Amino acid sequence: MSIFKKNKKTPEKREWNITEKCLKLIFECAKDSHPKEFGGLLRVNEKDKNLIEELVLLPGTISGDSHAIFRLHMMPIDYTIVGTVHSHPGPIARPSDADLALFRKHGKIHIISAYPYNLDSWNAYDYDGEEIKIRYI
Ligand code: ZN
């Protein structure tokens, strides 16, 4: 019986992928909101749960000069939603303390798209703020 077997040294690492289309849409939304932040949620494919393919914009998400505020009580109960995305109008795609608090509470994967919102200025983090790699396909 292997279903309960756990390897403590190497916890299961999911291999995340994101569609190029979804990533481009994130960059577009970030550019549109600039110099304010934008925030949204990440949704995976129903069959391939490691493939992020949709950006969900929350109704009532506030973008502000300092930080995107996620109204997560409005978050739909939807298990294809795996995490969050938001933009940083500055060049640093590192999570702030507020971001880390958000990451710990909501979801497994979090993308930050920093200015100038392109393929060289985004990063993904796990719930603990550890950087993780996402392949775009
Ligand atoms: Zn942030």
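Below: a short report on this structure. Computed from a prediction, not measured in an experiment: that's the story for all the values here. (Residues numbered from 1 in each chain as written. Predicted model: local features only at pLDDT ≥ 70, side-chain atom pairs only at ≥ 80, totals over all residues.)

Concerning unusual backbone geometry
In this chain, H34 is followed by P35 through a cis amide linkage whose omega measures 5 degrees. Summarising the element assignment, P35 is placed in the loop between α1 (20-33) and β2 (39-44). The step from Y115 to P116 runs through a cis peptide bond, and the omega angle for that step is 5 degrees. Along the chain, P116 turns up in the loop between β5 (109-114) and β6 (122-125). (Helix = DSSP H or I, 4+ residues; strand = E, 2+ residues; numbered from the N terminus.)

A closer look at the sheet that holds strand β3 (residues 51-56)
Paired through backbone hydrogen bonds, the strands of a sheet run either parallel or antiparallel to each other. With mixed pairing, the 8 strands of this open sheet are ordered in space as β7-β6-β5-β4-β2-β3-β1-β8. The two strands at the open ends of the sheet, each matched to only one other strand, are β7 (131-132) and β8 (134-136). Across 2 bridges, the pairing between strand β1 (residues 16-18) and β3 is parallel. Counterpart to N17 in the pairing with β3 is L51. Of the strands in this sheet, β1, β2, β3, β4 (81-88), β5 and β8 are in contact with α1, which crosses β3 at around 30 degrees. (Pairing = 2+ DSSP bridges. Contact = placed C-beta atoms within 7 Å. Axes fitted to C-alpha atoms, helices over the stretch in contact; angles between N-to-C directions.)

Here's the deal with the environment of Y127
Structurally, Y127 can be placed in the loop between β6 and β7. Using a count of 16 C-beta atoms within 10 Å as the deciding quantity, one classes Y127 as partly exposed. Separated by 28 residues in the primary sequence, Y127 and D99 place their C-alpha atoms 9.9 Å from one another. (Buried ≥ 20, exposed ≤ 12 C-beta atoms within 10 Å, placed from the backbone.)

Notes on α1
Taking 1.5 Å of rise per residue, the 14 residues of α1 would be expected to cover 20 Å, and the 20 Å separating its terminal C-alpha atoms lies within 8% of that figure. Looking at α1, one finds that the buried residues are L23, I26, C29 and A30. Seen from one end, α1 has its buried residues packed into an arc of 120 degrees, which puts them on one side. Exposed residues pointing more than 90 degrees away from the buried face of α1 are listed as E20 and D32. Contacts from the buried residues of α1 go to β1, β2, β3, β4, β5 and β8. (Expected span 1.5 Å × (residues − 1). Arc of directions from axis to C-beta.)

A few points about the pairing of β3
As judged from the 4 bridges shared by β2 and β3, these two strands associate in the antiparallel manner. Bridge pairing links V44 to I52 in β3. The antiparallel hairpin formed by β2 and β3 contains 6 residues in its connecting segment.

Quick word on the nonpolar core
With 24 residues, the main nonpolar core has I26, L42, I52 and I111 as its most contacted residues. Elements with a contribution of two residues or more to this core: β1, α1, β2, β3, β4, α2 (97-105), β5 and β6. Counting residues per element, this core draws most heavily on α1, at 4 residues. Not counting residues up to four positions away in its chain, the partners in contact with L42 are I52, L55, I81, V82, G83, T84, V85, I109 and I111. (Core = buried A, V, L, I, M, F, W, Y, C linked by C-beta atoms within 7 Å.)

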